[in-house]
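# Analysis of the macromolecular model
If you want the building blocks of each chain, they are given just below.
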Amino acid sequence: MSERSDHELVEAFIEGDNKAFSVIVERHRARLTTVARRYTHNDTDAQDVVQEALLRASCNLHKYRRKSALSTWLHRLVMNCGYDYVKHRSNQQNSSLDVDFIDDDRNHLLAHNPNEFLDDKLAVREALELLRQDQRDALYWTDIEGYGIAEVAAAQGVAPGTIKSRRARARSVLRDAMA
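Cut-off values and rules
Throughout, residues of each chain are indexed from 1 in the direction in which the sequence is written. Owing to the predicted nature of the model, reporting of local features is limited to residues with pLDDT of at least 70; listing and counting of side-chain atom pairs is limited to 80 or more, with chain, interface and lining totals taken over all residues. As a convention, hydrogens and water are excluded, and side-chain values are obtained from all of the structure's heavy atoms. Counting from the N terminus, the helices are the DSSP runs of H or I reaching at least four residues and the strands are the DSSP runs of E reaching at least two. The buried label applies to any residue whose accessible area, calculated with a 1.4 Å probe on protein chains only, is under 20% of its type's maximum; exposed applies above 50%, and partly exposed to all values in between. Any pair of Phe, Tyr and Trp rings, taking the six-membered ring for Trp, is counted once the centres come within 6.5 Å. Such a pair is stacked with planes under 30 degrees apart, edge-to-face with planes over 60 apart, and tilted for the rest. Note on scores: pLDDT gives the predictor's confidence for each residue, bounded by 0 and 100. Here, two residues are considered to be in contact whenever any of their heavy atoms come within 4.5 Å of each other. Axes here refer to lines fitted to C-alpha atoms; in helices the fit is confined to the stretch in contact. Angles between the N-to-C directions go from 0 to 180 degrees. In these notes the angle categories are as follows: under 35 degrees is roughly parallel, over 145 is roughly antiparallel, 65 to 115 is roughly perpendicular, and the rest is oblique. Nonpolar residues are Ala, Val, Leu, Ile, Met, Phe, Trp, Tyr, Cys and Pro. Charged residues are Asp, Glu, Lys and Arg, and all others, Gly as well, are polar. Patch rule: a residue counts if its relative accessible area is over 30% and it has no salt bridge; like charges are joined within 9 Å, and nonpolar side chains (Val, Leu, Ile, Met, Phe, Trp, Tyr) within 5 Å. Accessible surface is estimated by sampling points in the Shrake-Rupley manner with a 1.4 Å probe; for residues, cover comes only from the protein chains shown. The term salt bridge refers to a pairing of a side-chain nitrogen on Lys or Arg with a carboxyl oxygen on Asp or Glu at a separation within 4 Å. One fewer than the residue count of a helix, multiplied by 1.5 Å, yields its expected span. The arc in question is the one traced by the directions running from the helix axis out to the C-beta atoms.

Located in the positive-phi region is His 41, a residue other than glycine, with phi close to 65 degrees. Tracing the backbone through its elements, the reader meets His 41 in the loop between helix H2 (18-40) and helix H3 (43-60). When its relative accessible area of 68% is taken as the criterion, His 41 is described as exposed. The phi dihedral of Arg 66 is positive, around 65 degrees, even though this residue is not glycine. Take Arg 66: its relative accessible area is 30%, and that puts it in the partly exposed class.

To continue, consider the packing of aromatic side chains. Inspection of every chain in the model, using the stated rule, returns four aromatic pairs. One aromatic cluster is present, built from ring pairs that chain together Tyr 140, Trp 141 and Tyr 147.

Another point: the confidence of the model for the protein. Predicted confidence across the protein gives a mean pLDDT of 85, with 85% of residues reaching 70 or more. Low pLDDT, under 50, characterises residues 98-104; the predicted model gives this stretch two contacts beyond four residues in sequence or across chains.

Each pair of packed helices gets described by two things: the angle between the helix axes and the distance between those axes. Running from N to C, helix H7 (residues 149-156) and helix H8 (residues 160-178) point in directions that differ by 105 degrees, and their axes come no closer than 8 Å. Between H7 and H8, the crossing angle belongs to the class labelled roughly perpendicular. For the pair formed by H7 and H8, the contact residues are Ile 149, Val 152, Ala 153 and Gln 156 on the first element and Pro 160, Ile 163, Lys 164, Arg 166 and Arg 167 on the second. Classifying every residue of the contact of H7 with H8 by side-chain character gives five nonpolar, one polar and three charged.

Residues Tyr 140, Trp 141, Ile 144 and Tyr 147 make up a contiguous nonpolar surface patch of about 410 Å² in total accessible area. Mapping Tyr 147 onto the fold places it in the loop between helix H6 (133-144) and H7.

Here we come to H6. End to end, H6 covers 15 Å across twelve residues, agreeing with the expected 16 Å (1.5 Å per residue, within 8%). Every buried residue of H6 is listed here: Gln 135, Ala 138, Leu 139 and Thr 142. Around the axis of H6, the buried residues are gathered within 95 degrees of arc, so they sit on the same side. In the core, the buried residues of H6 are packed alongside helix H5 (118-129), H7 and H8. Downstream of H6 by a residue or two, Gly 146 has a phi angle that is positive, lying close to 85 degrees.

What follows covers the pattern of salt bridges. If you walk through the whole model with that rule in mind, you get ten salt bridges. Salt-bridge contacts for Asp 43 lead to Arg 37; the nearest nitrogen and oxygen are separated by 2.3 Å. By relative accessible area, Arg 37 is classed as partly exposed at 34%. In this structure, the salt-bridge partner of Arg 56 is Glu 52, at a minimum N-O distance of 3.2 Å. One end of the pair, Arg 56, and the other, Glu 52, are both in helix H3, four residues apart, so they sit about a helical turn from each other. The structure contains a network of salt bridges with shared partners spanning Glu 52, Arg 56 and Asp 84.

If you want it as C-alpha cells, here you go:
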C-alpha cells in the first residue's frame, strides 16, 4: 500500500487523483466491513452498506474537516449507512410467498415469468444444434435478423439459391425436430 498518510491521500483525491481514493478504500475496507456487520448481520448486506458509505465518502471528501482521523470520519459514514439500512429493513413488511399473498387481480399480460416458455426454448436450442453451421447462419440472417436472401448471399460469397436451399433444409430439420 501507499506510504502516504490519509490526509495526503485525501488532498491527492480532491486534486483529481482517483487512485488515491482506491488506496484509502484498500486501507480501511476491512475495518469498515466489521462495523457494517453490526447492523446487517451478514456479509452481503455489510458489503452493500460499506459500498454506500464509500460512495458518500467519495462524493463528500471535500467536506472532510481533518479535525479527526479519516478512519473516524469513514466509521461514522458506515454507521449512518448502517442506521439507514436498519431503518429501511424495519419499514419493509415481511411477506411470505403464501397463496394468500398473491393478488389474483394483477394484470397477467404485464407480468413477466422468465420460465414461462423454458421448455420451448430448450427444445428450439436442441433442434438448432442439429443444424450445420451454414444452415444455422442462413436461417438466422434471413428469418431472425430480417436480411434479404441476396444480401446474405453476397455477405457469405455464395449464390442466392444456396442461401434458399440452406434455409429450406434448416426449416425442415427444425420442423421435424419440433414435431
